[in-house]
Amino acid sequence: MKKISAIFLFLLGITSLQAQSYKEYIQKADSCYKGKDYKSSVTYYEKAFKLEHKNSTQLYNGACSAARSLETKKAFEWLNLAIDNGYENLYHLKKDNDLTILHPEKEWQKIITKLQKKLNIMEANYDKPLQEELLSIFEEDQNIRKVFMTIYKSPNYDKKKIDSIGKIINYKDSLNLIKISKILDEKGWIGENVVGSQANQTLFLVIQHSDLETQQKYLPMMRDAVKKGNAKASSLALLEDRIALREGRKQIYGSQLAKNPATNKQYISPLEDPDNVDKRRAEVGLGTIAEYAQKWGIVWDVEAYKKELPEFEKLEKIKK
C-alpha cells in the first residue's frame, strides 16, 4: 500500500507541474501577443496546448496569434478546437481584426458554418430580439473602452484625449443604462439560457459602469441571480469591490486598480485582509491576485502592499 501511495503522490505532483507550466506558457503567450511578437506567442501557445487544450478562450486567442503570424493552418486548427470546447461568440469572430487574414480562405466559411449550426441548436429557445439588443449594447460598451485603455496604458498618455473619450463613455453609458434598467425592472436578471452568455454578461457590464446609486439598487438582484445561476460569481465580486470603494470601504477581492498621480504607476486599491485575498478570489472563480496584478504591470508582494496600504487609503480619499 505504501508503494501505491507513493506512486499516486508522484502522479499528482506531475499533474500539478503540468498545470503550472500551462499557466506559465499562457502568460508568456499573452505577453508576446501584447508586444506584437506573434511568432513567439504562437510558440508558447503551442507548448501550452500540448499539455491541455480545453479552454476555449485560450484556444481562440492562440488562433488570433497564429493568424497574425500568417500560420493559417494552425489558426484554423485552434479555432475548431475553440468551438468544440465551447466558444460561441460568432459576432466577435466575424469582426475580429486579428482574423481578417483568414477570410479569403475556404476554411473560413466552414468555421462560420460550424459555429452557426452549433448556435442554432443552442439558441432554439432564445429570446432573439432581446439577445440582439443586448449584444449591440455590449459592443457599444466595450469598443469605446478599448480605445480608452489603449491610450491610458501608454507611459505618457495625452490627458486631453483621455478626458475627451471619458465624456463620450459617460454619454454612451447613460443611454445604455436606460435600456438595461428597463430590461432588469421588467424581466429581472435574465440568464444565459434565455439570451446566451455574452448577452447575459451585458447586464453586469452596464451596471458595473453605472453610478453608485444604481449599483446599490441592482446589487441584491445580482446576488440573487448568482444563486440561481443567472449571473457569474466572479462578476458579482467585481461589482461588490466597486461599491465597497465608492462607499468608503476597502475592497474584498482586489479587482479595482488606480493610478498614483505622483508616480504614474498602477496600484491595487485599498484591500481588506490582503493575506487571504487569494482564498476569497478562488471562492468566486477568480485567479490569484499575483496573476491579475501582473497583467497591469504590478508585482504583487503582500508584505510590501501592507506597508503601502495607508498611502493608498490617503490617495483614495483624495480622489473623493
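Residues numbered from 1 in each chain as written. Predicted model: local features only at pLDDT ≥ 70, side-chain atom pairs only at ≥ 80, totals over all residues. Heavy atoms only, no water.

Asker: Explanation requested: unusual backbone geometry in the structure shown.
Answerer: With glycine set apart, most residues show a phi of negative sign, and most peptide bonds adopt trans. Of note in this structure, Lys 36 is not a glycine but carries a positive phi near 60°. If you trace the backbone, Lys 36 turns up in the loop between α1 (2-34) and α2 (38-51). Residue Lys 36 is classed as exposed on the basis of its relative accessible area of 64%. Of note, the phi angle at Asp 273 is positive, near 45°, even though the residue is not glycine. Looking at where Asp 273 falls in the secondary structure, it is placed in the loop between β2 (265-268) and α13 (277-283). Classification of Asp 273 by relative accessible area gives partly exposed; the value is 32%. (Helix = DSSP H or I, 4+ residues; strand = E, 2+ residues; numbered from the N terminus. Buried < 20%, exposed > 50% of the residue type's maximum accessible area, 1.4 Å probe, protein only.)

Asker: Help me understand the packing of helix α10 (residues 197-208) against helix α11 (residues 212-228), please; the structure alone is not making it clear to me.
Answerer: Packed helix pairs are specified by the crossing angle of their axes together with the interaxial distance, meaning the distance between the axes. Taken N-terminus to C-terminus, the directions of α10 and α11 make an angle of 150°; their axes are 10 Å apart at the nearest point. Classified by the angle between their axes, α10 and α11 sit roughly antiparallel to one another. α11 is crossed by α10, and the crossing has left-handed handedness. Contact residues: Phe 204, Ile 207 and Gln 208 in α10; Thr 214, Gln 215, Tyr 218 and Met 222 in α11. (Axes fitted to C-alpha atoms, helices over the stretch in contact; angles between N-to-C directions. Parallel < 35°, antiparallel > 145°, perpendicular 65-115°, else oblique. Left-handed = near helix turned anticlockwise from the far one by under 90°. Contact = heavy atoms within 4.5 Å.)

Asker: What's the story with a nonpolar patch on the surface in this structure? I'm lost.
Answerer: On the surface, a cluster of nonpolar side chains totalling about 330 Å² of accessible area is made up of Tyr 171, Leu 175 and Ile 178. Looking at the element boundaries, Leu 175 is found in helix α8 (residues 159-187). A residue is classified by how much of its surface remains accessible, and Leu 175, at 36% relative accessible area, is partly exposed. (Patch = residues over 30% accessible without salt bridge, like charges linked within 9 Å, V, L, I, M, F, W, Y side chains within 5 Å. Areas by Shrake-Rupley, 256 points an atom, 1.4 Å probe, with all protein chains shown as cover. Salt bridge = Lys/Arg side-chain N within 4 Å of Asp/Glu carboxyl O.)

Asker: For this particular structure, what's the right way to read the pairing of β2?
Answerer: Along a regular strand, successive side chains alternate from one face of the sheet to the other. Here four bridges tie strand β1 (residues 257-260) to β2, and the two strands are oriented antiparallel to one another. By the bridge assignment for β2, Lys 259 is matched with Gln 266. Between the antiparallel neighbours β1 and β2 lie four residues, among them Asn 264 with a positive phi of about 65°. (Pairing = 2+ DSSP bridges.)

Asker: Explain the packing of aromatic side chains here, please?
Answerer: Each aromatic ring pair is described using two quantities: the centre-to-centre distance and the angle formed by the ring planes. Evaluated as defined, the whole model comprises eight aromatic pairs. A centroid spacing of 6.5 Å and a plane angle of 25° characterise the contact between Tyr 25 and Tyr 44, whose relative ring orientation is stacked. Pair noted here: Tyr 25 is in helix α1 and Tyr 44 is in helix α2, with a separation of 19 residues, a long-range link. Among the residues examined, Tyr 25 registers a relative accessible area of 24% and is labelled partly exposed. Residue Tyr 44 is classed as partly exposed on the basis of its relative accessible area, which comes to 23%. Between Tyr 45 and Phe 49, the aromatic rings sit 5.6 Å apart at their centres with planes inclined by 25°, giving stacked as the arrangement. Note that Tyr 45 and Phe 49 are positioned in helix α2 at a spacing of four residues, about one turn of the helix. Among the aromatic residues, those joined into a cluster by ring pairs are Tyr 267, Trp 300, Tyr 305 and Phe 312. (Phe/Tyr/Trp six-rings, centres within 6.5 Å; stacked < 30°, edge-to-face > 60°.)

Asker: Just checking my understanding: could you explain helix α15 (residues 302-319) for this structure?
Answerer: Since one α-helical turn is 3.6 residues long, residues separated by three or four positions face the same way. Between its first and last C-alpha, α15 extends 24 Å over 18 residues, near the 26 Å set by a 1.5 Å rise per residue. Along its length, α15 reaches its greatest deviation from straightness, about 50°, at Glu 308, and the proline Pro 310 lies no more than four positions downstream. Structurally, α15 contributes buried residues whose contacts are with α12 (233-246), β1 and β2. By the N-cap criterion, in which a side-chain oxygen at the helix start approaches the backbone nitrogen of a residue two or three places on, α15 is capped by Asp 301, the distance to Glu 303 being 3.1 Å. (Expected span 1.5 Å × (residues − 1). Bend = angle between axes of the 7 residues up to and from the residue. Polar contact = N/O pair within 3.5 Å; in protein donor to acceptor, adjacent residues only side chain to side chain.)

Asker: Where do I start with the layout of surface pockets in this structure?
Answerer: Leftover empty space is mapped by rolling, across the atoms, a probe with the size of a water molecule. Reported here for the second largest pocket is a volume of approximately 330 Å³. Of all elements in the fold, only β2 and α15 reach the threshold of two or more residues within the lining of the second largest pocket. The leading source of residues in the lining of the second largest pocket is α15, at five residues. A per-class count over the lining of the second largest pocket returns eight nonpolar, four polar and four charged. (1 Å grid on protein atoms, 1.4 Å probe; cavity = no way out; pocket = protein on both sides within 12 Å on 5 of 7 lines; lining within 4 Å. Points joined across faces, edges and corners; volume = space filled by probe spheres on them. Nonpolar A, V, L, I, M, F, W, Y, C, P; charged D, E, K, R; others polar.)

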